[in-house]
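# Observations on the three-dimensional arrangement
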Amino acid sequence: MTDGTVSVLALWGAKLAGAVAGSAISVAYLLPRGRREAALRFLIGVVTGLTFGVPAGLMLAARLGIDKILEPPELAVMGSAAASLCAWWALGVLSRFADQLFRPAAGPKPGDAP
């Protein structure tokens, strides 16, 4: 393998590691209602981390002022974990808020005296 191939594989490995870590934390932080929700949250977190990991890592590093001292794999791990964690943590909170907001109101039951 050439050095370019190794660095691309290292970058993908770092993105995958960060995405999996962020997804695992997301599932543990805001407990899912069931296995299906846990699996969906985990998989969507991994895809989000792989997709947005590097841009998120670059943005976070620039905001924190550490962009000059981190290597590309470190940026990828950091960004992938952050993107993965934020994706389903935020969507999980919004989903539960919407469930509460749009739950049918409990009105009087048949047979209750007015």
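Anything mentioned here points back to the structure above.
Residues numbered from 1 in each chain as written. Predicted model: local features only at pLDDT ≥ 70, side-chain atom pairs only at ≥ 80, totals over all residues. Heavy atoms only, no water.

### Comments concerning the overall build of the protein chain
- Helix and strand content of the protein chain: 3 helices and 0 strands.
- Element order for the protein chain, N to C, with α for helix and β for strand: α-α-α.
- Out of the 114 residues belonging to the protein chain, those deemed buried represent 25%. (Helix = DSSP H or I, 4+ residues; strand = E, 2+ residues; numbered from the N terminus. Buried < 20%, exposed > 50% of the residue type's maximum accessible area, 1.4 Å probe, protein only.)

### Here's the deal with the environment of Arg-33
- Looking at the secondary structure, you find Arg-33 in the loop between α1 (3–29) and α2 (35–64).
- For Arg-33, a relative accessible area of 55% gives the class exposed.
- What Arg-33 contacts, discounting residues up to four positions off in sequence, is Arg-96 and Asp-99.
- Within the structure, Arg-33 has its side chain in polar contact with the side chain of Asp-99 (distance 2.7 Å). (Contact = heavy atoms within 4.5 Å. Polar contact = N/O pair within 3.5 Å; in protein donor to acceptor, adjacent residues only side chain to side chain.)

### Section: the environment of Leu-50
- Looking at the secondary structure, you find Leu-50 in helix α2.
- Sequence separation between Leu-50 and Val-20 is 30 residues; the distance between their C-alpha atoms is 9.2 Å.

### Looking at the pattern of salt bridges
- Under the counting rule described, the total for this entry stands at 3 salt bridges.
- Here Asp-99 ties to Arg-33 by a salt bridge, and the two come within 2.7 Å at their closest N and O atoms. Taken as a pair, Asp-99 in helix α3 (residues 72–101) and Arg-33 in the loop between α1 and α2 lie far apart in primary sequence, 66 residues in all.
- Using a relative accessible area of 32% as the deciding quantity, one classes Asp-99 as partly exposed.
- Among the salt bridges present, the one from Asp-67 reaches Lys-68, with a minimum N-O distance of 3.9 Å. (Salt bridge = Lys/Arg side-chain N within 4 Å of Asp/Glu carboxyl O.)

### Some details on the side chain of Lys-15
- Tracing the backbone shows Lys-15 in helix α1.
- Look at Lys-15: it is buried, it has no salt bridge, and the nearest opposite charge is Glu-74 at 16 Å.
- Reaching out from Lys-15, the side chain makes a polar contact with the backbone oxygen of Leu-50 at a distance of 3.2 Å.
- Setting aside chain neighbours within four positions, we find Lys-15 in contact with Leu-50, Val-54, Ala-76 and Ser-80. (Lys, Arg positive; Asp, Glu negative; His and termini not counted.)

### Quick word on the side chain of Thr-48
- Its place among the elements puts Thr-48 in helix α2.
- Residue Thr-48 is classed as buried on the basis of its relative accessible area of 15%.
- Beyond its immediate sequence surroundings of up to four residues, Thr-48 is in contact with Gly-53, Ala-83 and Ala-87.

### Notes on a nonpolar patch on the surface
- On the surface, Phe-97, Leu-101 and Phe-102 cluster together into a nonpolar patch covering about 380 Å² of accessible area.
- You can call Phe-102 exposed: its relative accessible area is 66%. (Patch = residues over 30% accessible without salt bridge, like charges linked within 9 Å, V, L, I, M, F, W, Y side chains within 5 Å. Areas by Shrake-Rupley, 256 points an atom, 1.4 Å probe, with all protein chains shown as cover.)

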